Every structure is written in structure tokens, then in C-alpha cells.
Amino acid sequence: MNELAERLRSERTPYVLATVVRTEKPTSARAGDRALVLPDGTLEGFVGGACAASTVREQALRLLAEGESALLRITADPAGTASLDGLVTVGNPCLSGGTLDVFLEAVIPPPLVQVYGDGPVARALADVGAAAGYETSLCPGPDPVAADAAAVVAATHGRDEEEILRRALAAGIPYIGLIAGRRRGEAVTSALEDGHRVRTPAGLDIGARTAGEVALSVLAEILSLRAVPEPGRSERSAHHAECDDHCG
């Protein structure tokens with residue numbers, strides 16, 4: 001099971017780890033029994049018989065969709081269904097008796113930020129993003145865009161920018177940014193279908209000058225827009241105006 005969990009994490013597949021923490025006989029499960037519940041409903045492991053497993057699967061999928069964890073109590077009492085302060089009690093008359101307490105931990109991969117480029121801003125953004133809890137991928141070339149990426153930032157100093165941005169737009173990435181001066185940024189995005197979705201100069205106007213400050217401004221913009229599924233065109237600030245050494 002540990003190998004499966006590691007593979008799921010490496011593939012950025014969310015799952016729920018179900019761990020039996022307490023039982024009241026009669027039950028077939030024991031404290032410490034575990035199972036993984038995958039997004040398609042597959043249950044790998046053992047947390048009790050078919051009746052208990054069906055309840056674990058149903059509640060795990062619900063929590064997976066919500067990105068939450070909870071303690072699940074399964075009883076044979078059909079009137080036992082309730083939810084209070086992280087404890088979800090479900091009455092399942094299918095049980096032969098007993099009670100199971102199962103902790104359901106939703107394991108959700110951190111948001112992925114793909115940064116294209118190998119210059120100071122790209123490296124700084126990868127570092128700042130990782131420090132903020134994002135999974136950051138530094139792509140020196142026009143690598144494929146991950147379908148589940150939360151953000152794509154092109155910081156390649158003019159290399160392969162249009163191709164990177166086209167791929168990100170086609171994939172429907174929520175945040176797409178281009179590190180460039182205003183004039184070049186507008187020239188690049190005007191040649192792209194839906195180019196108005198590309199934020200350039202990328203980042204909030206915080207008076208950024210150094211590579212680290214530019215990276216911080218970009219991450220701040222990503223954070224400010226994370227609840228917006230399709231960011232549209234907005235008035236761009238004058239920061240990075242006329243492109244300095246870090247913009248290319």
C-alpha cells in the first residue's frame with residue numbers, strides 16, 4: 001500500500017487514506033487496518049467487510065471532492081447518521097453489528113506552478129512558490145503543459161514564448177503569466193488567440209525591481225486570483241515598465 005500511495009503522489013493523483021482507529025465488536029476490521037480510496041472509487045486495502053467498505057468509499061469520495069478530512073463512525077443503527085465538528089456518523093443497517101471509527105485523510109496534491117525559463121526570475125519564482133507550499137516545476141525548455149497546473153509562467157527572455165503560451169491557453173490553465181516589458185508583452189499576446197487571458201507584465205504592482213521581488217509579485221497575483229476560474233483581461237499596472245534586465 002505504501003508503494004501505491006507513493007505512486008499516486010508522484011502522479012499527482014488525489015486519494016483518501018482510510019485508517020481504522022477504533023472498533024467495537026463484532027467487526028471484522030481491527031484498529032490499524034488501512035485502505036486507499038482512489039478518485040474512481042477503487043478501494044485498495046481492508047477496512048472491514050463489504051458493508052463497512054461501501055460506507056468508507058462513499059464518504060471518502062465526498063471528502064475527496066471537498067478536499068477535507070474527517071473521522072467517520074459507522075454503526076449498525078440506521079438512525080445514527082449525523083455530522084458534527086469533524087465527526088461524521090453514518091448508520092448502516094447492513095452491518096452485522098459493532099461500530100467502526102475510521103479516520104479519512106484526503107491527500108490532495110499541492111497546486112502546480114510550471115515556470116518556463118532558467119534565468120534569475122524563473123529560479124526565484126520556483127523557490128518562492130515552493131516556500132509557499134506550491135509544487136513548482138522549472139522547465140528550461142518548452143516542456144508539455146500539465147493539464148492540472150494551477151499556473152504557467154513564461155520567463156524565457158523571448159525563447160519559445162508563443163508556443164508555451166499557446167499550450168497553456170489550450171489547456172485552460174487558470175493563471176498564465178508572461179515576464180516581459182509592456183511593449184513586448186502586448187506584441188506577443190496580440191498574436192495569440194485568447195491572448196487577453198495572458199497576464200503581462202505578470203505580477204502585482206509592488207514596485208518590484210530585483211528577480212526575487214518580481215517572483216514575489218507574480219506569486220501574489222497567482223494567490224489573489226486562485227478563486228477565479230477564468231481570469232479575464234484586466235488593466236495592467238506599470239510595473240516592470242519598459243522591461244529591465246530581468247524581463248528580457
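Counting restarts for each chain: residues are numbered from 1 in the order of the written sequence. Thresholds applied to this predicted model are a pLDDT of at least 70 for local features of residues and 80 or more for the giving and counting of side-chain atom pairs; totals over whole chains, interfaces and linings are not thresholded and use all residues. With hydrogens and water stripped out, all remaining heavy atoms of the structure feed into the side-chain values.

A word on a nonpolar patch on the surface. Together, L204, I206 and L216 line one region of the surface with nonpolar side chains, adding up to about 250 Å² of accessible area. Secondary structure elements are taken from DSSP: a helix is a run of H or I of four residues or more, a strand is a run of E of two residues or more, and numbering for both begins at the N terminus. Turning to its location among the elements, L216 is positioned in helix α6 (residues 211-224). Relative accessible area serves as the criterion here: at 46%, L216 is assigned to the partly exposed category. Patch membership requires more than 30% relative accessible area and the absence of a salt bridge. Residues of like charge join within 9 Å; the nonpolar side chains Val, Leu, Ile, Met, Phe, Trp and Tyr join within 5 Å. Each accessible area is a Shrake-Rupley estimate made with a 1.4 Å probe; only the visible protein chains count as cover when residues are assessed. One speaks of a salt bridge when a side-chain nitrogen belonging to Lys or Arg is within 4 Å of a carboxyl oxygen belonging to Asp or Glu. Buried means the residue's accessible area, taken with a 1.4 Å probe over protein chains only, is under 20% of the maximum for its type, while exposed means over 50%, and partly exposed covers the values in between.

As for its position among the elements, A208 is in the loop between β12 (198-199) and α6. The sequence separation of A208 and S10 amounts to 198 residues, and the corresponding C-alpha distance is 34 Å.

Because an α-helix packs 3.6 residues into every turn, residues spaced three or four apart end up facing the same way. The terminal C-alpha atoms of α6, which comprises 14 residues, lie 20 Å apart, in line with the 20 Å expected from a rise of 1.5 Å per residue. For α6, the set of buried residues is A211, V214, A215, S217, V218, L219, E221 and I222. To estimate how far a helix should extend, the number of its residues minus one is multiplied by 1.5 Å.

Right, let's talk about the nonpolar core for a bit. Each nonpolar core is a collection of buried residues, namely Ala, Val, Leu, Ile, Met, Phe, Trp, Tyr and Cys, held together in the definition by side-chain atoms within 4.5 Å. Within the largest apolar cluster, 25 residues are counted, with the highest numbers of intra-cluster contacts made by V56 and L104. Residue assignment for this core shows that the elements contributing at least two residues are β1 (15-24), β2 (34-37), α2 (50-66), β4 (70-75), β6 (87-91) and β7 (99-107). Sort the elements by how many residues they give to this core and α2 lands first, with seven residues. Any two residues having at least one pair of non-hydrogen atoms within 4.5 Å are treated as being in contact. If near-sequence neighbours (up to four positions away) are discounted, V56 is found in contact with A18, V37, L43, V47, L72, I74, V102 and L104. Residues V121, A124, Y175 and I222 belong to the second largest nonpolar core, which totals 21 residues.

Next up on the list: the sheet that holds strand β8 (residues 112-116). Any two strands between which DSSP finds at least two bridges are classified as paired. Overall, parallel pairing links the five strands, which are arranged β9-β8-β10-β11-β12 in an open sheet. If you trace the sheet from one side to the other, it starts and ends with β9 (135-139) and β12, each paired once. Against the sheet, helix α3 (residues 120-131) makes contact with β8, β9 and β10 (149-154), and its axis sits at roughly 165 degrees relative to β9, the strand it touches most. Throughout, an axis means a line fitted to C-alpha atoms (over the contacting stretch in the case of helices), and angles, computed between N-to-C directions, take values from 0 to 180 degrees.

Side chains on a regular strand alternate between the two faces of the sheet. Sheet analysis places β1 next to β7, joined by nine bridges and oriented antiparallel. Pairing of T19 across the sheet is with F103, part of β7. Of the strand pairs in this sheet, β1 and β2 are connected by four bridges, and their pairing is antiparallel. When the sheet's bridge partners are listed, L17 is paired in β2 with L36.

Further remarks concern the sheet that holds β6. Ordered by their spatial adjacency, seven strands build an open sheet running β3-β2-β1-β7-β4-β6-β5, and the pairing between neighbours is mixed. If you trace the sheet from one side to the other, it starts and ends with β3 (43-45) and β5 (82-84), each paired once. Here the strands of the sheet are splayed against their neighbours by 20 degrees on average, with no regard to which way each runs. Two strands pair when backbone bridges link them, and β5 and β6 are joined in this way by three bridges, in the antiparallel orientation.

A few words now on the pairing of β10. Judged by how many residues are buried, β10 sits mostly within the fold: five of six residues are covered. Here β10 pairs with strand β11 (residues 175-178) via four bridges, running parallel. Each residue of the ladder has a partner; that of A154, found in β11, is L178. Remark: the β10/helix α4 (residues 161-170)/β11 crossover connection has right-handed handedness. Assignment of crossover handedness uses the view with strands pointing away from the viewer, where a clockwise path from the first strand over the helix to the second indicates a right-handed crossover.

Let us look at the side chain of Q59. With respect to the helices and strands, the residue Q59 is situated in helix α2. Given a relative accessible area of 10%, Q59 falls into the buried group. Discounting chain neighbours no more than four positions away, the residues touching Q59 are L72, V88, V90 and L104.

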